[in-house]
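Below are the chains, spelled out letter by letter.
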Amino acid sequence: MRHVIIASHHRFADGLKDTLEFIGGVQNMRAVCAYVDDTPLEDHVAEVFAEVGPEDEVLVLSDILQGSVNQAFVPYLGEHVFVVSGVNVACCLELALSADELTTAFIEEAIAQARQAMVLVNTYATDSDDEDE
């Protein structure tokens, strides 16, 4: 079984979860919103992993690489636990909708594709022959 956890400071995770459900029909995700109540972040993370079986895949999608939220998941890294930081919607869709087993190579390719999707539209060159919707 695959567990998809979106983790962030404040309520970004809730919004991203909602967006992934709306755009991609992604289901069975869990949002961890840190610092919105008095519960210590480590308790939220431990609660998530209490539901994970030893052979389950866990995909954690976090907001900021050096942030405390991302760092709270680092102790859980393992053969079937992947933490991807600095995510955007394109990256999350690619990873959360994948039916394939998660591998380091697959995740790195999804990250590379997501990076390519980030552009400054002001300077983005488009082909004038392309038709818009």
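**Regarding the side chain of Ser62**
Tracing the backbone shows Ser62 in strand S3 (residues 57–62). Using a relative accessible area of 0% as the deciding quantity, one classes Ser62 as buried. Within the structure, Ser62 has its side chain in polar contact with the side chain of Asn70 (distance 2.7 Å). Leave out the neighbours within four places in its chain, and Ser62 touches Ala7, Asn70, Val83, Val84, Ser85, Gly86 and Val87.

**A short note on helix H2 (residues 41–50)**
Burial in H2 covers these residues: Leu41, His44, Val45, Val48 and Phe49. Taken around the axis of H2, the buried residues stretch over an arc of 130°, which confines them to a single face. Projecting away from the buried face of H2 at angles above 90 degrees are the exposed residues Glu42 and Ala50. The inward-facing, buried residues of H2 abut strand S1 (2–9), strand S2 (29–34), S3, helix H3 (68–73) and strand S4 (81–85).

**Thoughts on the pairing of S1**
Among the 8 residues of S1, 7 are classified as buried, and the element is accordingly described as predominantly covered. Where S1 meets S3, 6 bridges bridge the pair, whose relative direction is parallel. Among the inter-strand pairings, His3 is bridged to a residue of S3, identified as Val58. For S1 and S2, the ladder comprises 6 bridges, and the chain directions are parallel. Paired with Val4 across the bridge in S2 is Met29. Considered for its hand, the β-α-β crossover made up of S1, helix H1 (residues 12–24) and S2 is right-handed.

**Some details on the environment of Val87**
Tracing the chain through its elements places Val87 in the loop between S4 and helix H4 (89–97). The spacing of Val87 and Leu77 is 10 residues in sequence and 17 Å in space, taken between C-alpha atoms. Non-local contacts of Val87, meaning those with residues more than four positions away in its chain, are made with Leu16, Leu61, Ser62, Asp63 and Cys92.

**Things to note about the packing of aromatic side chains**
Taken as a whole, this structure holds 2 aromatic pairs when the rule is applied. Between Phe49 and Phe73 the ring centres are 6.2 Å apart and the planes differ by 55°, which places this aromatic pair in the tilted class. Taken together, the positions of Phe49 in helix H2 and Phe73 in helix H3 put the pair 24 residues apart, joining distant regions of the chain. Taking the relative accessible area as the measure of exposure, Phe49 reaches 12% and is therefore buried. Ring geometry for Phe49 versus Tyr76: centroids 4.1 Å apart, planes at 10°, classification stacked. Taken together, the positions of Phe49 in helix H2 and Tyr76 in the loop between H3 and S4 put the pair 27 residues apart, joining distant regions of the chain. Under the relative-accessibility criterion, Tyr76 is labelled partly exposed at 30%. An aromatic cluster is defined as three or more aromatic residues linked by ring pairs; in this entry it consists of Phe49, Phe73 and Tyr76.

Cut-offs used in this document
Throughout, a residue's number is its position along its own chain's written sequence, starting from 1. Where totals are concerned, whole chains, interfaces and linings use all residues; where local detail is concerned, this predicted model gives features only for residues with pLDDT of at least 70, and gives and counts side-chain atom pairs only at 80 or more. The basis for the side-chain values is all heavy atoms of the structure; hydrogens and waters are excluded. Segments assigned H or I by DSSP are reported as helices when at least four residues long, segments assigned E as strands when at least two residues long, and all are numbered from the N terminus. Only protein chains enter the calculation, and the probe is 1.4 Å; a residue is then buried if its accessible area is under 20% of its type maximum, exposed if over 50%, and partly exposed in between. The term polar contact refers here to a pair of N or O atoms within 3.5 Å; inside protein, the definition further demands a hydrogen-donor-capable atom paired with an acceptor-capable atom, and it admits residues adjacent in sequence only when both atoms are side-chain atoms. Contacts: residue pairs with any heavy atoms within 4.5 Å of one another. Taken from the helix axis, the directions to the C-beta atoms give the arc we talk about. Any two strands with at least two DSSP-identified bridges between them are counted as paired. The crossover handedness rule: strands pointing away from the viewer, path from first strand over the helix to second strand clockwise, crossover right-handed. Whether two aromatic rings pair depends on their centres lying within 6.5 Å, for rings of Phe, Tyr and Trp, where Trp uses its six-membered ring; planes under 30 degrees apart make the pair stacked, over 60 edge-to-face, and the rest tilted.

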